Amino acid sequence: MQKEVRRRRTFAIISHPDAGKTTLTEKLLLYGGAIHLAGSVKARRAARHATSDWMEMERERGISVTSSALQFEYRGFRINLLDTPGHQDFSEDTYRTLMAADSAVMLLDNRKGVEEQTRKLFEVCRLRSIPIFTFINKCDRVGVSPLQLLDDVEAELGMACAPLTWPVSDGTNFLGVYDRGDRALHLFEKGGDHGASRPPAKVAGLEDPEVEILLGAAATARLREEVELLDMAGAGLDEAAFAAGKVSPTFFGSALTNFGVEPFLRRFLEYAPAPPIRPSSEGPIHPEDERFTAFIFKIQANMDPKHRDRLAFARICSGRYNPGETVTNLRSGKGIRLTEPQQFFGQEREAVETAWPGDVVGIHDRGNLRIGDTLASKGSPAFEAIPPFSPEHFARVQLPDPLRRKHLDKGLKELSEEGAVQVFYQDGVSGPAPIVGAVGTLQFDVLLHRLEHEYGVKARLDPMPYRDARWVEGPDAEIRRVGTALDAALVFDRNDKPLLLFRSEWVRQAAETREKALSFHRMAPE
Ligand code: G4P
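Since the structure is predicted, the reported quantities are computational estimates derived from the model, not experimental observations.

Trainee: So what exactly am I meant to see when it comes to the sheet that holds strand β23 (residues 460-463) here?
Mentor: Ordered in space as β21-β22-β20-β23, the 4 strands form an open sheet in which the pairing is antiparallel. Every interior strand has two partners, whereas the edge strands, β21 (422-424) and β23, have only one. Taking each pair of neighbouring strands and ignoring which way they run, the sheet shows an average axis angle of 35°. With 4 bridges joining them, strand β20 (residues 393-398) and β23 adopt antiparallel strand pairing.

Trainee: What is the right way to read the pairing of β20 from this model?
Mentor: Remark: a regular strand shows side chains that alternate across the two faces of the sheet. Where β20 lies against strand β22 (residues 435-438), 4 bridges are found, and the strand directions are antiparallel. Opposite Ala395, over in β22, you have Val436 as the bridge partner.

Trainee: Even after reading the chapter, I still don't get the packing of aromatic side chains, so can you show me in this structure?
Mentor: Aromatic ring pairs are reported here in terms of the distance separating the ring centres and the angle at which the planes meet. The full count for this structure, using the stated rule, is 18 aromatic pairs. Taking 5.6 Å as the distance between ring centres and 85° as the angle between the ring planes, the aromatic pair formed by Phe174 and Phe259 counts as edge-to-face. Of this pair, Phe174 sits in strand β8 (residues 174-179) while Phe259 sits in the loop between β11 (247-252) and α11 (261-271); the two residues are 85 residues apart in sequence, bridging distant segments of the chain. The class of Phe174 is buried, set by a relative accessible area of 10%. The buried category is assigned to Phe259, whose relative accessible area is 6%.

Trainee: Got a minute to help me understand the sheet that holds strand β1 (residues 8-15) in this structure?
Mentor: Through backbone hydrogen bonds, the strands of a sheet pair up, either in parallel or in antiparallel fashion. On the basis of which strands lie adjacent, the open sheet formed by 7 strands has the order β2-β3-β1-β4-β5-β11-β6 and mixed pairing. Bordering the open sheet on either side are β2 (69-74) and β6 (160-163), each of which pairs with just one other strand. For this sheet, the mean inter-axis angle between neighbouring strands, taken without regard to orientation, is 30°. Across 5 bridges, β1 lies against strand β3 (residues 77-82) in parallel orientation. Looking at the pairing, Arg9 lines up with Ile79 of β3. Across the sheet, α11 touches β1, β2, β3, β4 (103-109), β5 (132-137) and β11, and the angle it forms with β5 is around 175°.

Trainee: Explanation requested: the site of the ligand in the structure shown.
Mentor: The environment of the ligand is formed by 15 residues, the closest being Asp18, Lys21, Thr22, Thr23 and Asp140. Between an oxygen atom of the ligand and a main-chain N or O atom of Asp18, the distance comes to 2.8 Å. Contact between the ligand and Ala255: an oxygen atom at 3.0 Å from a main-chain N or O atom of the residue. Looking at which element gives the most residues to the shell around the ligand, the answer is helix α2 (residues 21-31), with 3 residues. Residue composition of the shell around the ligand, by class: 4 nonpolar, 5 polar and 6 charged.

Trainee: Before we go on, may I ask you to explain the pattern of salt bridges in this structure?
Mentor: Pairing between side chains becomes possible if they bear opposite charge and their charged atoms approach one another. One pass over the structure, following the stated rule, counts 43 salt bridges. Across the pair Glu392 and Lys120 runs a salt bridge, and its minimum N-O distance is 2.7 Å. Of this pair, Glu392 sits in the loop between β19 (374-376) and β20 while Lys120 is found in helix α6 (residues 116-127), placing the two residues 272 residues apart along the sequence. As far as the burial class goes, Glu392 and Lys120 line up, both buried.

What counts, and at which threshold
- Residues numbered from 1 in each chain as written.
- Predicted model: local features only at pLDDT ≥ 70, side-chain atom pairs only at ≥ 80, totals over all residues.
- Heavy atoms only, no water.
- Pairing = 2+ DSSP bridges.
- Helix = DSSP H or I, 4+ residues; strand = E, 2+ residues; numbered from the N terminus.
- Axes fitted to C-alpha atoms, helices over the stretch in contact; angles between N-to-C directions.
- Phe/Tyr/Trp six-rings, centres within 6.5 Å; stacked < 30°, edge-to-face > 60°.
- Buried < 20%, exposed > 50% of the residue type's maximum accessible area, 1.4 Å probe, protein only.
- Contact = heavy atoms within 4.5 Å.
- Near = heavy atom within 4 Å.
- Polar contact = N/O pair within 3.5 Å; in protein donor to acceptor, adjacent residues only side chain to side chain.
- Nonpolar A, V, L, I, M, F, W, Y, C, P; charged D, E, K, R; others polar.
- Salt bridge = Lys/Arg side-chain N within 4 Å of Asp/Glu carboxyl O.

In structure tokens form, the structure reads like this:
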């Protein structure tokens, strides 16, 4: 058990679309021997579209609607990469997946630095104080100066970067990276074999005359100057600050040409945490605790159109997953028999014999499980709840056929419990038009599709002009006054907690600064 726990690394990549997440994932899988051909992640995607119609729109839009977990072995480690949907239309699933990760890799484009979606995902990582690595990608082409990039990350996110590798350039061409720890130069060969790289040249520090022979005078002078600056700021990594998510070990490379990926992966495995002790209502739970505990972070319906069941994704926190064992769902008190665990390679289901802390398993479910449920083989140690995240898009649900109202209510109730969409009310639960909220608009398309195909309800969504929301706490009269003054809508979630929907992020920020009698929350308060 100890051996299995300690060799596990469960993480997610956070990035903005186009930063190169698919490409990097592919290269990481190559190292794990999990795939043999670069390009096969994309090829697999295309092949799947031909055979499955889980959400025809997935095919129409050519994107992956839901996230999955990829598992592979490398140098004795068992790596679980939680894949987060990277399209513009990302959803709450993307956020929730981060609840199951023990660390994150922030992937940045060297010309763009921190972008909008990176920032949002970073905030969720920060809430959980998980350690974050940074990989600056696309270094095969000239980008923003690396010192400038690091300054930007620090200014934007308030997180310091500790570069463990440093890019070498003569101003126009990328020449390679210098590994500060190993004092090794990894030289870049344009057009080189993707996957195989030359062994790094060991140098005795940057004063070594060998450096100039390898890089030329201009690039050497530049590198020496930059590394001197970095050394003044400190050479090593402050491990306590890193563990708290305050300092990010930073790497430079190019996923496309598979350059700098291997040194990154090696250091990542060295520093990334194994499954940690998790707080619970019964005190901290050690991953090596004998009893089985897990929590549900995602539920997916109809992945396989031939089966009408749902799959609940559980992150194992302690103990061993034993097929056949019955565990308790603490919320309902009901027993759940663990089936053969399903693990995921992309969207292909693969049954495995057992699973350990850090692993993600899919459990067949007929509607008994919800997001945030804790499963345990003994006792009742509830884990921290997975909160609903503040939606960014809102719409009123209009029902052309009023006779279908009951079906609509049932559908909205079930789909919101499943976490597919959030439902709000302005005029009470039986009011004429419920409001739905989502983190990404794709969730709306999924909602309409599922209402029609699973509940027989043809509904329409009228978009509302709100872009930001916060749960609010404070005197009722104050909440109403602020709502009216700022032209914000006051709505209630299904637990009757009030939220204000704002017309822009700017208005919301103004409210938060000015209205001291109220407190605003990005996630639903307890
Ligand atoms: P995503 O999953 O984060 O959205 O990004 P993806 O990997 O699909 O990469 C987005 C684009 O960036 C792709 O180009 C990809 O080839 C390119 N890219 C990824 N890593 C690097 C890199 O290290 N260097 C350079 N120069 N480009 C990189 P595309 O033209 O949009 O797609 P494709 O035709 O190559 O598939």
